Structures are given as structure tokens and as C-alpha cells.
Amino acid sequence: MFIYYLIISLLIGAATMLNRNRVVRIVLLILFLVVQTTMTIYAYYHLNEENSGYFKFDALGVIFLCVLTILSYTTIYHSYVYLKHRKDSIRSQSIYFAALIILIVVMTCAYLAAHLGVLWVFIELTTLSVAVLIYHERTPLSLEATWKYVFICSIGITITFIGIILLSIAIQETNIANFSFKAIPAQLINVNTSWLKMIFLLMIVGFCTKMGLFPMQTAAIDAHTVAPPPISAFISTTLMNVGFVSIFRTYTMFSHTPILKWMNIILMLSGIISIIVSAAYLLKVNHLKRMSAYSSIEHMGLAAIGIASGGIGYFAAIFHMILHSFVKASVFYQIDQFHRNFKTYMISETGNYFNRNKAGAMVFLIILIAITAMPPSGLFITEFWIFKALFTSSHMFIFIAALFFLTVCIYSLTKNFLFILFNQTKDLLPAEEKPNSTETYTQYFLLAIVVYLGINPPEFMINLLNDAVSILPK
Amino acid sequence: MTNILLITFAISLIYMGIANRLSTYINILALQGIILFGVSFIELIQINTLNLIFILFETIFFKTLAIPLFLNYIIKKNSITREAEPYLPDFISVVIITAIILGSFILSNIVSGIFIRKMFFLAALAAVFSGLFIIITRKKIVTHIMGYLVIENGVFILSLSAANKMPILVNLGITLDIFVSVLVLGVFVNRIGNTFEEMSVDNLNNLKD
């Protein structure tokens, strides 16, 4: 089944690339969404089944596949709006949508990969397909960002590959090395712990480029600055989920070896430093998209801390990633409309958004509540669980530091968002076009999901989450 | 024989430290491609013939001919000056690369257990670190790519050391080679040459807070 999905969607991607007709393109995109949705439903009803050799519909993959499918509807819609306003040539629109389809397919494969080598290949492919999209605006600045993104991600993925080779050398003692995630833990029993530590470190550094954790967070930030807003929404949600899934799988793989404690220390440090870095930059940032990017880094840090503190933290980290995806995607969709209104991303050159676009401003206000994890938002409960896990695993110092720097982040985000919404001290040029409130419906929808999932998480989702963390040590 | 080839490989890294002209860098990369061809021929002679032909073809055609020729073409087309313009004097570069090789020697002696092959590990580690060193100390964007190619050669050697039991790893490494090279070389260097007059790293500092 999965192989048919791959073939069909790649064919649709190729057709989108070659097609120059507007109506046909819309038909192709709808067709792709149907295929993607069918695949997701099929995966959900065939949970924990292996398919096409190298793929497996396990709980963790299916959860994030659902998130991806929901967000691909909204992203394709907003890409359409974005391109309509930019008046790009038909050719560059075809390239854009083809790359977008390939990106979605590749991310689906990365979520569902059941083999370390396959996961690695698809992570590499995400870099290539997203690079085309980041470079869409064809300005010197976007070239610079694309160059940095491709280069840093390539080096990161090479470092991961060194880790994988060392892993294969380490487990070669057992006669046949098998690299599926199911078979690796059994082969790790006799491996020297210092080897394991080295392998884990190398693999994590590479995956951090995708997730945006501390040592390699810069690539993602620069990419956000120039990427089209709907693509930024993908980079900061589903693509970071790819990094999260790979780190989570690596962690699961090693979690029954003696290095568990050491891995926790590494992830804890990486997480807390990510929060500190984002807090420091948020204080002085003036670019709206960079601000949202740093806020993503902060949430990734929280998720890493959640994994590292164990217990309910595993569950909370995955839940946090899901909710964060919906919130952050709606931020970037709204930023697109915001940019068309002001023609700039610089916070200090804007203001009084409430009078210019009521529907959009309400979205920003709700986002502010959601992203700083105030109670109706689902992120409140996940952050509460993460801090609870920190507390019960007696990491008091990290607990206090995380709370302190989170407060700094909340202060900066609130200050900037309120400035955008209510500051009336500037004489700004009126917007050229009347804002269209139908464009905000998707954001209200996503934010409603966030609130709903926080208050009343559906039964099937809880089961999936419990299934995903069930292999980890308690 | 393998050892001699790997030692030659390590020496070529030192030569890269003092090389002044971009064409010398390209020649060294081609030489490394030939060395890798030799090593993989000796090491992998027992594996499946089709796979062996594929790997040998990749080393001799891709690493030795295609990439050096393409780099030459890029340098001519964008009229890049032929100096590598390092930030450090040559003498210090050589000292540092020698120190890197010495360090990898010590490290591979420490970690070499029963299963690792010391010579491969040494050469690979030295290549990875020298590549990173070349990336950070040279001014031009094109030398970044050369440093990256050196890193990839190192990774290739490392994957060869595990290849007898898992030839799939070498194939994965080759996909890395091809994907990244095609994208990075093919698309970006042409574009960067058109957009920025001087292909220097100093053009890449506009994105900041």
C-alpha cells in the first residue's frame, strides 16, 4: 500500500511540475490531498503493521502523520493565497507546488520509516525539497539563507551518518547487523558504553539541525526569515516534528542500555540552553518571523526537557509537539496576511493592527494567549506536565532556570504582540487592499483544535500517545 | 597496500593545508578520488559484483572526474581569483592539520577495540576534522564546498571499513554524495556567482538580528 502511495504522489508531483494550467493545478492539488488523507486513514486503521519492507505504521509516526495531513490542507490553501498576491510567473508557481508536494511526501516517509538508514535518507531529502521552497522569492537574502540552511543541514546529516556507521561497526560483532528500529536494541546489549555515548552524541547533533535544538539552531532561524510564510509554517512545525521523531526514535533505541542517565543529561542541557538562547534573542528581536522562530526554539527546548525528565514527560513532550504545531502554523499563516497589510516584517515599523484588520488582530491576540501557555490553551497543560516531570525527577536547578527564562520569553512575546496590536503612536500608511477575513478561518480552526485538545483530549489520541511511550522505561 | 593508500590520503590532507591555488585543491580532490577507488577495489572485491561496479564507478567517475571538472568550470565561469585566501598563514595551517592527524592517531589508538580497523578510522577522522578546518579558515564560498567534499571522502572511508558486512552503508554514503553535490554545486554556485560579485563569505552576513 505504502509503495503505491509513494508512486501516485510522486506522479502527482511530477505532473504539477510540468503543468502550466491553473485549473489543472487545483485539480492535482485536491487529488494529492485526497491521496494523503486516504494514506493517513489507512495508516491509522493498520496500526503497528509493517508495510512495503521499510515502513511501519507505529503510533508515534501515525500521530505526527495526522498533524501533517491537517496542516497540509491549510498550508496548500495559504500557499495558494500567498502566490495569488505575489503574482509570480506560472512556471515558478508550478515549481513551488511540486516542491511542496514532494516535501509533504518525504516528511510522511520520514515519520513512518522503520529503518534507520531509510529515516536518514528521507531526512536528507527534506533538506533538498525545502531548500527549493526557501529560495522561492529569489532575492539575495533568500539565497544567503538557503545556502546556509543547505550547508548546515548537510554537515549535520553527515555527522549523523558518521554516528550510523559507528553504530554499524559497534554491532557488527553480532553476526548479521539489522538496522530496523525493532531489531537494534537487542543488538546493543554487549556494546561498550563509551561507544554508545559517542554514537548517541553524533546522531543527536545531526538531528538537531532539523529539530532546531541548541547546537544547530541557527540554520532554521535564518531559513524562517526569508521563506514564504506558509513554508515557514511547515519548517517550524512538521519539519521540526521530523527532527523530534528521529530524536525520539534514537532515544528509544538506546533507552534500555546503561547510558540512559547520560542521554537524559545531554538532552536536558540541550533543552535548557535552547530556552536560554531563545530568551536572550527574543529580548532584542525586531523581525516578526524571527521572533516566531525563536519562540519555536523555546518550545523545542521544552520538549527536549520533557523527554529528558522521563515519566509523564515523554507523554507531555509528544503532546506538546502536536499542540505547538497547530499554534505555530496559525502564527505564520496570519503573518502572511499581516505582511500584505504593512509590507514589512519589522515590528517597530508597524502598529495599530487592531484597527486595520480586526479578524487578523483577534487571531494574534488568541495566539499570544496560546503560545505563552495561558490556561484555555492546550499548551498550558502540557507545559504543566513537563514541569511536573521535572519536579518529580528532582531537577530543581533546571526547573528554576526554565521557569525564569520562560518568563523572559513570555515578557518579550507579550510586549511585541501588544505593540503590533495596539500601538497608535505612529502615522502609518493605510493598507492598499481591504483585509479579507475568510483567510483567518483556518487559524481560528487550528486554535480551536488546540483549546479542544487541551480540555478534552479524545480517547483515540490518548491511546496513540500511550502506545508511543509504552516501550520507554518508566 | 590499503595502508599505503590511506597514508597517501592523510598526506594529501597536509598538502591541502599549504595549497595556495584553487586548482591545487581541485587536483588534490581528484587524487583523493583515485585513492578511494583503489581502497574500495581492494576492500570490496568479495561483495556482489553489480554493487561493486556501482561503487567503483561512483569513485572513479563522480569523485575523480565529474566534480573536479565541474568545480573548474564554476571557477572559470564566475571568474573567481585563483588564490584560496586563507585567514591563517600557511605555516599555521600545516601545523594545525598535522595536529589533527596526530590527534586522530591518538584517538583511534584509544578507541580501537576489537572491531574497529585503526587505519581506516584514523584517515576518516583526520579527513572529517581537516575538512571542517578548511571550511572555517578559507574565505571563498567555493572552498567551503571543497572542505565539505573532504569531509565526505572521510565519511566514505569510514563506511568502507564497515562495508564487508553492510554494503548498504556505502550506498547510503554515495546517495549523500550525489544528492548534496548536485544541489549545492549545480544550483547554488551558479546563482551565488550571479548574485554576489565577489564569491566571498563576507557576502553572507546580512541575516542577523
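Throughout this document, residue positions are counted from 1 along each chain, in the order its sequence is written. Going through the entries in the order they are written, you letter the chains from A and number the ligands from 1. Side-chain atom pairs in this predicted model are given and counted only at pLDDT of 80 or more, local residue features only at pLDDT of at least 70, and totals for whole chains, interfaces and linings cover all residues.

Caption draft 1: Spatial organisation of the overall build of chain B. Secondary structure follows DSSP: runs of H or I at least 4 residues long count as helices, runs of E at least 2 residues long count as strands, and numbering of each begins at the N terminus. When its secondary structure is counted, chain B shows seven helices and zero strands. The order of α-helices and β-strands along chain B, N terminus first, is α-α-α-α-α-α-α. Comment: burial labels come from other C-beta atoms within 10 Å of the residue's own C-beta, placed from the backbone, where a count of 20 or more is buried, 12 or fewer is exposed, and between is partly exposed. Split into buried and exposed, the 209 residues of chain B put 44% on the buried side. Here, residues touch in the contact sense if the C-beta positions derived from the backbone fall within 7 Å of one another. Contacts in chain B between residues at least 24 apart in sequence constitute 71% of all its contacts with a sequence separation of at least 6.

Caption draft 2: Broad picture of the overall build of chain A. Assigned secondary structure in chain A consists of 20 helices and two strands. Taken over the C-alpha trace, chain A has a radius of gyration of 22 Å; the compact-globule value for 474 residues is 23 Å, and the two agree within 12%. By its C-alpha atoms, chain A is 70 × 55 × 45 Å across when sized along the principal axes. Taken over 474 residues, chain A has a buried fraction of 58%. Taking the intrachain contacts of chain A between residues at least 6 apart in sequence as the baseline, contacts between residues at least 24 apart amount to 80%. We compute the radius of gyration over the C-alpha atoms and compare it with the globule rule, which gives 2.2 Å times the number of residues raised to the power 0.38.

Caption draft 3: Summary view of the nonpolar core. Grouped together as the largest cluster of nonpolar side chains are 235 residues, with contacts concentrated most on A:I134 and B:A123. Residue contributions to this core reach at least three from each of two domains, namely domain 1 (1-258) and domain 2 (262-474) of chain A. Residue contacts for B:A123: discarding those within four places in its chain leaves B:L6, B:F9, B:A10 and B:I157. For the purposes of this analysis, a nonpolar core is taken to be any set of buried Ala, Val, Leu, Ile, Met, Phe, Trp, Tyr and Cys residues that are connected through C-beta atoms within 7 Å. Domain start and end points were adopted from an automatic or database domain assignment.

Caption draft 4: Broad picture of unusual backbone geometry. Residues and elements named next belong to chain A. Residue N48 is not a glycine yet carries a positive backbone phi of 60°. Within the fold, N48 resides in the loop between α2 (22-45) and β1 (50-51). We classify N48 as exposed; it has 10 C-beta atoms within 10 Å. We note that N352 has phi near 55°; this positive angle belongs to a residue other than glycine. With respect to the helices, strands and loops of the structure, N352 is situated in the loop between α14 (312-342) and α15 (353-356). The class for N352 is partly exposed, based on 17 C-beta atoms found within 10 Å.

Caption draft 5: Region of the structure containing the interface of chain B and chain A. Each partner contributes residues to the interface: chain B has 34 residues there, and chain A has 32 residues. Among the elements that take part in the side of chain B that touches chain A, helix α7 (residues 167-195) of chain B stands out by supplying 14 residues, more than any other. When residues are sorted by character, Ala, Val, Leu, Ile, Met, Phe, Trp, Tyr, Cys and Pro go into the nonpolar class, Asp, Glu, Lys and Arg into the charged class, and all the rest, Gly among them, into the polar class. When its residues are assigned to classes, the side of chain B that touches chain A shows 22 nonpolar, eight polar and four charged.

Caption draft 6: Fine view of the packing of helix α13 (residues 288-309) of chain A against α14(A). All names here are of chain A. Axis angles are defined between N-to-C directions and span 0 to 180 degrees, where every axis is a line fitted to C-alpha atoms and, for a helix, only to the segment in contact. Put simply, α13 and α14 touch, their axes get as near as 8 Å, and they point 170° apart. With respect to α14, the element α13 is oriented roughly antiparallel. The segment α13 lies against α14, with L288, K289, S292, S296, H299, L302, A303, G306, I307 and S309 engaging G313, Y314, A316, A317, H320, M321, H324, K328, V331, F332 and I335. Classifying every residue of the contact of α13 with α14 gives 11 nonpolar, eight polar and two charged. In this scheme, roughly parallel covers angles under 35 degrees and roughly antiparallel covers those over 145, while 65 to 115 is roughly perpendicular and the rest are oblique.

Caption draft 7: Geometry of the confidence of the model for chain B. Known as pLDDT, the predictor's confidence for each residue is given on a scale from 0 to 100. With 88% of its residues at a pLDDT of 70 or more, chain B shows a mean pLDDT of 82. Across the predicted assembly, pTM comes out at 0.93 and ipTM at 0.90.

Caption draft 8: Just the domain arrangement of chain A, in detail. Residues and elements named next belong to chain A. By domain assignment, chain A separates into domain 1 (1-258) and domain 2 (262-474). Each partner contributes to the interface: domain 1 provides 41 residues, whereas domain 2 provides 42 residues. When contributions to the side of domain 1 that touches domain 2 are tallied by element, the ones reaching two or more residues are α3 (59-86), α8 (193-211), α9 (218-226), α10 (229-236) and α11 (238-254). Top contributing element to the side of domain 1 that touches domain 2 by residue count: α3, with 12 residues.

Caption draft 9: The arrangement of α14(A) in detail. Residues and elements named next belong to chain A. Taking 1.5 Å per residue as the helical rise, α14 with its 31 residues ought to reach 45 Å, and the 44 Å between its terminal C-alpha atoms agrees with that figure. The buried fraction of α14 is high, at 29 of 31 residues. Phi for K343, located one or two positions after α14, is positive at around 60°. Residue count minus one, scaled by 1.5 Å, sets the expected span of a helix.

Caption draft 10: Layout of helix α19 (residues 441-455) of chain A. Residue and element names in this part refer to chain A. Look at α19: 21 Å from first C-alpha to last across 15 residues, which is about the 21 Å you get at 1.5 Å a residue. Those residues of α19 not exposed but buried are T442, Q443, L446, L447, V450, V451, L453 and G454. Elements in contact with the buried residues of α19: α3, α14, α16 (358-371) and α17 (378-392).

Caption draft 11: Representation of the environment of B:F70. Residues and elements named next belong to chain B. By the element assignment, F70 lies in helix α3 (residues 49-77). Residue F70 is classed as partly exposed on the basis of its C-beta count, with 16 C-beta atoms lying within 10 Å. On a C-alpha basis, the gap between F70 and K208 in space is 32 Å, while along the polypeptide they are 138 residues apart.

Caption draft 12: Looking closely at the packing of helix α5 (residues 116-134) of chain A against α11(A). Residues and elements named next belong to chain A. Two elements in contact, α5 and α11, have axes whose closest approach is 11 Å; the angle formed by their N-to-C orientations is 160°. Here α11 runs roughly antiparallel to α5, going by the angle between their axes. Pair α5 / α11 crosses with left-handed handedness. In contact with L119, I123, T126 and V130 of α5, α11 contributes L239, V242 and S246. In a left-handed crossing the near helix is turned counterclockwise from the far helix by less than a right angle, and in a right-handed crossing that turn is clockwise.

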